[in-house]
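# Descriptive structure summary
The lines below spell out each chain.
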Amino acid sequence: MGENLLENKVVLMIVGHGAWNGGKLVDNSIFEKRGMFFKNNVPVNHKTIEERIGVRTRVLAPDDMRIGQLALQNLFETADIDPARIKLFIGATNVGDDKYEPGPFISQPFQSVRHHCPKAIAFDLYAGCPGFNVSVELIFMLSLSGVLERGDISVIIGAENVHRAEAFKPHDTASIIFGDDALATALETKASLKPIGKYICGEKVKRPLKKNIAADIARLIFELNDSDRIEGIIIDNQLGKIAHRVPATAARVQKELIHLMYPEETSVKNFNRFQTALKFYDQNVNSFAFDIMSIEQDTSVLDNVARAYIESGKYRTIAAGYLASDLSIEVRIHKGQGFTPHKPQAGIIDTLTRTHGCFADFIQVIPDSEDIFGEMNGKGVFLYATRGAKNHLAELLGRNKLTIDDIELLIEHQANFAMIPMTLEKLFEGHRSDAGKAAVDYLANKMITNIHNRGNCSVVCMQRLPYDLERGALKEDTIQGYPINRNLENLKHAKLILNDSVGAGMTRSSVLQKIDIRNY
């Protein structure tokens, strides 16, 4: 394929997975003797766990095991990849291996292979459970903008060691949902693009921060950009501690910035009403927010990422901030004019990430005496996951002239099984008279499911599901009366694939792939 954009039919594609496949499979009995209760004093036992969240077993990692590093090692052993071609490593995580480690999580696996990858850079990415999808999107932007060129390899290591980290209080039922997991995914940039347009880089302004970090950063962004719409906020968050990355600090900044931009909505507390806030953000905000944490503590990494989003042609204004460990922030506004987004015909063909910072408190980490624990608003998370999909996916599919019926394989985040059929039913409402039946059929025949066996593996769900499909590890079953995994052999050959994930921020991120072997 030549340099002409029209000839670059494939820009980015997934070329390999490596996995940690160890650990101990444990059933729900480990929670039965803890004296735990669901809401309304419903005792926690195997039956009630399966009825409420669909989990029967989950995998626990040993205390002394770095599962992300083992997944990377397996990728190198099993995939036909030249390490010298790797230009980027991303550690996509929430907890990582230990909630007390300051990050970046990617440091240890990266250092173990750095001598093989002399031209690579590395950073963590914090975007809640959609972290893998957001990482794919970021690599897509780097490829569309020409930062990554034909033949360059990027590696995403997704790893969550939730049980070792003791992410939740001992009697918090949120801990029941999760399992440990790690995969490493390699993506290859297949084209060398040269975007044409005008890139405008604003002055970098540095300020000390006070007690409310997010509010102070938002005020500086507002000062630099006034009420002009910002389509994305990216923060290189060098504070490291888990309390500053779950949710991403950028999501809290987005929340504070929207309060400054829309004081009337704030004054009447519209952002405290779920349906009103969701609708307002969908109609007026339409932006993403996530953190990275660079290893080298080099501000040029952040600048290059922000510039790539602009030169991809998909975004016109990005706010980027370097949050230093001394509690200072350097903010720069990146803008672009005239860039036209390239539209690949195969591989990764499109992505969409949206953050609703008004719901940042739905999943957060908070101090508790001398410790820190995750806190989850179960009702809020359920509402966001099931009610937020319709508009989000309609935007992504609509601009690609597709509907949900065109998708051959939907890979949905395995947060809580009860969310999945409810989300599907909401997607079908309004254009299918039999929305309930359509959801049942879709779940059985166009989706793959593993929450009953592995629990919610957070960031890693998006990697584990296609990996297990390919190697034949998924089996037909029935969960909460719904048939699942009934079309596995056909789904292995699916050509149009949609990854959709939702999590802390609150953020939803989706990736659209078209598998067309003729282009490879």
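Residues numbered from 1 in each chain as written. Predicted model: local features only at pLDDT ≥ 70, side-chain atom pairs only at ≥ 80, totals over all residues. Heavy atoms only, no water.

### As for the nonpolar core
Stated precisely, the cut-off is as follows: We define a nonpolar core as any set of buried Ala, Val, Leu, Ile, Met, Phe, Trp, Tyr and Cys residues linked to one another through side-chain atoms lying within 4.5 Å. Burial status follows relative accessibility: with a 1.4 Å probe on protein chains alone, a residue under 20% of its type maximum counts as buried, one over 50% as exposed, and anything between as partly exposed. Should any heavy atoms of two residues lie within 4.5 Å, those residues are considered in contact.
Ranked by size, the top nonpolar core spans 89 residues in total, and within it Ile217, Ile221, Ile233, Phe359, Ile407 and Leu424 carry the most contacts. Dropping the residues within four chain positions of it, Ile233 is found in contact with Ala250, Val253, Gln254, Leu257, Phe288, Ala289, Phe290 and Ala319. Membership of the second largest hydrophobic core comes to 54 residues, among which are Val134, Phe140, Ile348 and Leu465.

### A word on unusual backbone geometry
Heads up, the condition is: By definition, any uninterrupted DSSP run of H or I lasting at least four residues is a helix, any uninterrupted run of E lasting at least two residues is a strand, and each is numbered from the N terminus.
Between Gly103 and Pro104 the backbone carries a cis peptide bond, its omega angle lying at 0°. Among the secondary structure elements, Pro104 is positioned in the loop between β6 (86-96) and α4 (107-113). For the bond from Val246 to Pro247, the omega torsion is -5°, close enough to zero to count as cis. Here Pro247 shows up in the loop between β12 (232-237) and α8 (249-261). The residue Gln297 is not glycine, and still its phi comes out positive at about 55°. Structurally, Gln297 is set in the loop between β13 (288-294) and α11 (299-311). Notably, Gln480 is not glycine yet its phi reads approximately 50°, a positive angle. You can call Gln480 partly exposed: its relative accessible area is 28%.

### Digging into the packing of helix α7 (residues 213-225) against α8
Applied cut-off: Angular values range over 0 to 180 degrees, each being the angle between N-to-C directions of two axes fitted as lines to C-alpha atoms, with helices fitted over their stretch in contact. Roughly parallel refers to an angle under 35 degrees, roughly antiparallel to one over 145, roughly perpendicular to one between 65 and 115, and oblique to any angle outside these ranges. Handedness of a crossing follows from how the near helix is turned relative to the far one, being left-handed for an anticlockwise turn of less than a right angle and right-handed for a clockwise one.
At a closest axis distance of 8 Å, the pairing of α7 and α8 adopts a crossing angle of 55°. Between α7 and α8, the crossing angle belongs to the class labelled oblique. α7 and α8 meet at a crossing whose hand is right-handed. Here Ala214, Ala215, Ile217, Ala218, Arg219, Ile221 and Phe222 of α7 lie close against α8, whose contacting residues are Thr249, Arg252, Val253, Glu256, Leu257, Leu260 and Met261.

### Here's the deal with the confidence of the model for the protein
Convention followed: Known as pLDDT, the predictor's confidence for each residue is given on a scale from 0 to 100.
For the protein, per-residue confidence averages 93 on the pLDDT scale, and 98% of positions sit at 70 or higher. Confidence drops under a pLDDT of 50 for residues 1-6, and excluding neighbours within four residues, the segment shows 15 contacts in the predicted structure.

### Here's the deal with α11
One turn of the α-helix equals 3.6 residues, which is why residues spaced by three or four share an orientation. What counts, and what does not: A helix is expected to span 1.5 Å for every residue after the first.
Taking 1.5 Å per residue, 13 residues should reach 18 Å; α11 reaches 18 Å between its end C-alpha atoms and fits that length. Within α11 the residues assigned to the buried category are Val301, Leu302, Asp303, Val305, Ala306, Ala308, Tyr309, Ile310 and Glu311. A positive phi of about 85° marks Gly313, the residue just after α11.

### Observations concerning the environment of Asn212
Using the following cut-off: Each polar contact in these results corresponds to two N or O atoms within 3.5 Å; when the atoms are within protein, one needs to be able to donate a hydrogen and the other to accept it, and residues that are neighboring in sequence are counted only if both atoms are side-chain atoms.
On the secondary structure map, Asn212 appears in the loop between β11 (205-208) and α7. Assessed through its relative accessible area of 40%, Asn212 is described here as partly exposed. Among the polar contacts made by the side chain of Asn212, one reaches the main-chain amide nitrogen of Ala215 at a distance of 3.0 Å.

### Focus on the sheet that holds strand β19 (residues 409-412)
Sheet strands line up and pair through hydrogen bonds in the backbone, either parallel or antiparallel. What counts is decided by this rule: DSSP bridges decide pairing: two strands pair if at least two such bridges lie between them.
What the four strands build is an open sheet, ordered β16-β23-β22-β19; its pairing is mixed. Looking along the sheet, the strands with just one partner apiece sit at the ends: β16 (347-355) and β19. Ignoring which end each strand starts from, the neighbouring axes of this sheet average 10° apart. Here strand β22 (residues 496-503) runs beside strand β23 (residues 507-514); their pairing, made up of eight bridges, is antiparallel. Residue pairing in the sheet places Val502 in a bridge with Arg508 of β23. Of the strands in this sheet, β16, β22 and β23 touch helix α5 (residues 131-144), which is tilted by about 120° from β16.

### Points about the pattern of salt bridges
Put simply, the test is: The rule for a salt bridge is simple: a side-chain nitrogen of Lys or Arg has to be within 4 Å of a carboxyl oxygen of Asp or Glu.
In total, this model carries 34 salt bridges according to the counting rule given. For Arg66, the salt bridge goes to Glu101, with nearest N and O atoms at 2.6 Å. Of the two residues, Arg66 is situated in the loop between β5 (57-60) and α3 (67-78) and Glu101 in the loop between β6 and α4; the sequence distance between them amounts to 35 residues. A salt bridge links Asp303 to Arg332, with the shortest nitrogen-to-oxygen separation between them at 3.1 Å.

### A few points about the packing of α8 against helix α10 (residues 274-285)
As a reminder of what qualifies: Classes in brief: Ala, Val, Leu, Ile, Met, Phe, Trp, Tyr, Cys and Pro nonpolar; Asp, Glu, Lys and Arg charged; the others, Gly included, polar.
Contact geometry of α8 with α10 gives a least axis separation of 13 Å together with a crossing angle of 80°. By the angle between their axes, α8 is roughly perpendicular relative to α10. Contacts from Gln254, Lys255 and Ile258 in α8 reach Phe280, Tyr281 and Val285 in α10. When its residues are assigned to classes, the contact of α8 with α10 shows four nonpolar, one polar and one charged.

### Section: the side chain of Glu137
How we decide: Under the convention used here, Asp and Glu are negative, Lys and Arg are positive, and both His and the chain ends fall outside the count.
Tracing the sequence through the fold places Glu137 in helix α5. Buried within the structure, Glu137 lacks any salt-bridge partner; Arg399 is the closest side chain of opposite charge, at an N-O distance of 6.1 Å. Other than its neighbours up to four places away in sequence, Glu137 contacts Tyr309, Tyr315, Thr351, Leu352 and Thr353.

### Quick notes on helix α2 (residues 46-53)
Counted only if it meets this: Throughout, the arc means the angular range of directions from the helix axis out to the C-beta atoms.
Among all positions of α2, only Thr48, Ile49 and Ile53 are buried. Take α2 and look down its axis: the buried residues cluster within an arc of 100°, on one side only. On the buried face of α2, the contacting elements are α1 (29-32), β3 (37-38), β4 (42-43) and α16 (451-454). Capping the start of α2 is the job of one residue whose side-chain oxygen sits 3.0 Å from the backbone nitrogen of Lys47: Asn45. At the exit of α2 stands Gly54, carrying a positive phi of roughly 85°.

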